[in-house]
Amino acid sequence: MTLDNVPVPQPSIWSAPQRFLKKELLPVLTDLRLAILLLLAIALFSISGTVIEQGQPVAFYQSNYPEDPALFGFLSWKVLLAAGFDHVYRTWWYLALLILFGISLTACTFTRQLPALKASRKWKFYDKPRQFQKLALSAELDTGTLSDLTQQLQSRRYLVFAGENNNLYARKGIAGRIGPIVVHIGIVAILAGGIWGAMTGFIAQELVPSGDNFAVKNIVDAGPWAAPQIPQDWSLRVNRFWIDYTPNGGINQFYSDLSVLDKQGEEVKRKTIFVNEPLRYKGVTLYQTDWGVSSVRIRVNKSPVLQLPMAKLNTNGQGRIWATWIPTKTDMSEGVSLLARDLQGMLLLYDVKGQLISTLRPGMSTEVNGVTLYIDELVGSTGLQIKADPSIPIVYTGFTLLMLGVVMSYVSHSQIWALQQDGYFYVGGKTNRAQVGFEQEMLDILAQLTAPKQVEDLEIKAELASKS
């Protein structure tokens, strides 16, 4: 058989992609500079999502971000909407940044952190005196035994491993090596939770009059997979809405007594909510965020109670005013305008010429246009923000792991080697942090094993090592 007939092994079709992954892609993904750049980009766009109002109607952005003059000379409502800055946290490029940052952390964990942890857990024995010379903190003693040193180390919570050649290896603080891995896992969990929340969560806003039933319909922002989270088999009822006022007439707190109703209209849960005290049901949270004046109940002479809707007027930011028109004749030819600022304050009555003709409060009456007008009460409406975010448990778990990993990372990983050979006792050690504390610990250990003069020599060597 000649060499010409020997088959030449063909490269695998996977060899090129594997080589590209190991040699080209992984070094880029695990580069610290890339991780810092991605983190800065995520922080920058997260800030923009906080500064720029999210999920508002187009008219809102047209009013606040006009084309002339554009903000910073270029940021108009068209640019803002085209780039997705009205829903930053659900744009493809923001989610891509989160995914890329998560991949970078995961790659760093598997290529650097896990191998470092594996190496730190190996039992490494020194069996030659010259190996101790490379340690920043080491001593050559005339006295001392491995058994005495083992007792000293175990009393200080070291895990001691005995070798076969009159040597030992001891370590403690392995949690310091696990800490960075836990930090990475926590950050990846937070990123994954953020992505999951962006895809499956929704935000709705409802303004509901007191006494009305309603279903969640006014969705202002929702992810592409949010449909299962939107309530379909239950609705709500606003049993009552009211406001507590301060002695000087300011608003102290506003409350909504809410009931959750099943498909048959039966109450399954009831709670009074207020600011910072929401109602939670089946993963959906209802927050008290706003209020308004929905309608007014009146009587004209001896008529039945009439409920007239009130509309909010545009005051250009100069407070809030609600108004309605009250007919004083059955043919609607005459009437008065009623204005209100809140649910208990003074009500103002104006005639058709815009002249103020009377002031009164709910529960009072007045004569106008030849009739007696009774104001029974103002009906308030509650403003609710309704949210669902299935990622909250994931994000909270990620933050818990992150904090735990940070604390673990502050634990010093200390290692000590010892060798008894040719009448000498060699001891050395190193740590990854808290160098001064470790040096003092080493001196205390050796003080129990040797003469004061040798400990003094070790102190001098430790001082020189710390300065270098």
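This section reports on the structure supplied with the text. In this text the structure is predicted, and so the values were computed from the model without any measurement. (Residues numbered from 1 in each chain as written. Predicted model: local features only at pLDDT ≥ 70, side-chain atom pairs only at ≥ 80, totals over all residues. Heavy atoms only, no water.)

### Describing a nonpolar patch on the surface
No. 1: The grouping of L71, F72, F74 and V79 at the surface amounts to a nonpolar patch, some 420 Å² of accessible area in total.
No. 2: Along the chain, L71 turns up in the loop between α3 (58-64) and α4 (77-83).
No. 3: According to the relative accessible area criterion, L71 is partly exposed, its value standing at 38%. (Patch = residues over 30% accessible without salt bridge, like charges linked within 9 Å, V, L, I, M, F, W, Y side chains within 5 Å. Areas by Shrake-Rupley, 256 points an atom, 1.4 Å probe, with all protein chains shown as cover. Salt bridge = Lys/Arg side-chain N within 4 Å of Asp/Glu carboxyl O. Helix = DSSP H or I, 4+ residues; strand = E, 2+ residues; numbered from the N terminus. Buried < 20%, exposed > 50% of the residue type's maximum accessible area, 1.4 Å probe, protein only.)

### A short note on the side chain of Q288
No. 1: By the secondary structure assignment, Q288 is in strand β11 (residues 284-300).
No. 2: A distance of 2.4 Å separates a polar atom in the side chain of Q288 from a polar atom in the side chain of S256.
No. 3: Reaching out from Q288, the side chain makes a polar contact with the side chain of T382 at a distance of 2.9 Å.
No. 4: Once you skip the residues sitting within four places of it in the chain, Q288 turns out to touch F241, F254, Y255, S256, I273, F274, V275, T382, G383 and L384. (Polar contact = N/O pair within 3.5 Å; in protein donor to acceptor, adjacent residues only side chain to side chain. Contact = heavy atoms within 4.5 Å.)

### Re the packing of aromatic side chains
No. 1: Here the structure, examined in full by the defined rule, presents 17 aromatic pairs.
No. 2: Between Y126 and W417, the aromatic rings sit 4.7 Å apart at their centres with planes inclined by 5 degrees, giving stacked as the arrangement. Residue Y126 is found in the loop between α5 (92-120) and β1 (137-141), and its partner W417 is found in strand β20 (residues 414-421); the two are separated by 291 residues along the sequence. For the pair formed by Y126 and W417, the shared burial category is buried.
No. 3: The side chain of R240 reaches across the aromatic face of W242, ending 4.2 Å from its centre.
No. 4: In this arrangement the basic side chain of R320 is found over the ring face of W291, its NZ or CZ atom lying 4.6 Å from the centre. (Phe/Tyr/Trp six-rings, centres within 6.5 Å; stacked < 30°, edge-to-face > 60°. Lys NZ or Arg CZ within 6 Å of the ring centre and 35° of its normal.)

### Topic: the environment of K124
No. 1: Along the polypeptide, K124 turns up in the loop between α5 and β1.
No. 2: With relative accessibility at 35%, the residue K124 sits in the partly exposed group.
No. 3: For the pair K124 and G163, spaced 39 residues apart in sequence, the C-alpha separation works out to 9.1 Å.
No. 4: Setting aside chain neighbours within four positions, we find K124 in contact with A119, Y169, Q415 and W417.

### Overview of the pairing of strand β21 (residues 424-431)
No. 1: Of all 8 residues that make up β21, 6 are buried, and the element is covered over most of its length.
No. 2: The pairing of β1 with β21 spans 5 bridges and is antiparallel. Counted as the bridge partner of L137 is G429 from β21.
No. 3: Relative to β21, β20 is paired through 8 bridges, and the arrangement is antiparallel. Across the sheet, the residue bridging to Q421 is Y424, located in β21.
No. 4: The turn joining β20 and β21, which pair antiparallel and follow one another in sequence, is formed by 2 residues; a positive phi near 55 degrees is taken by D422. (Pairing = 2+ DSSP bridges.)

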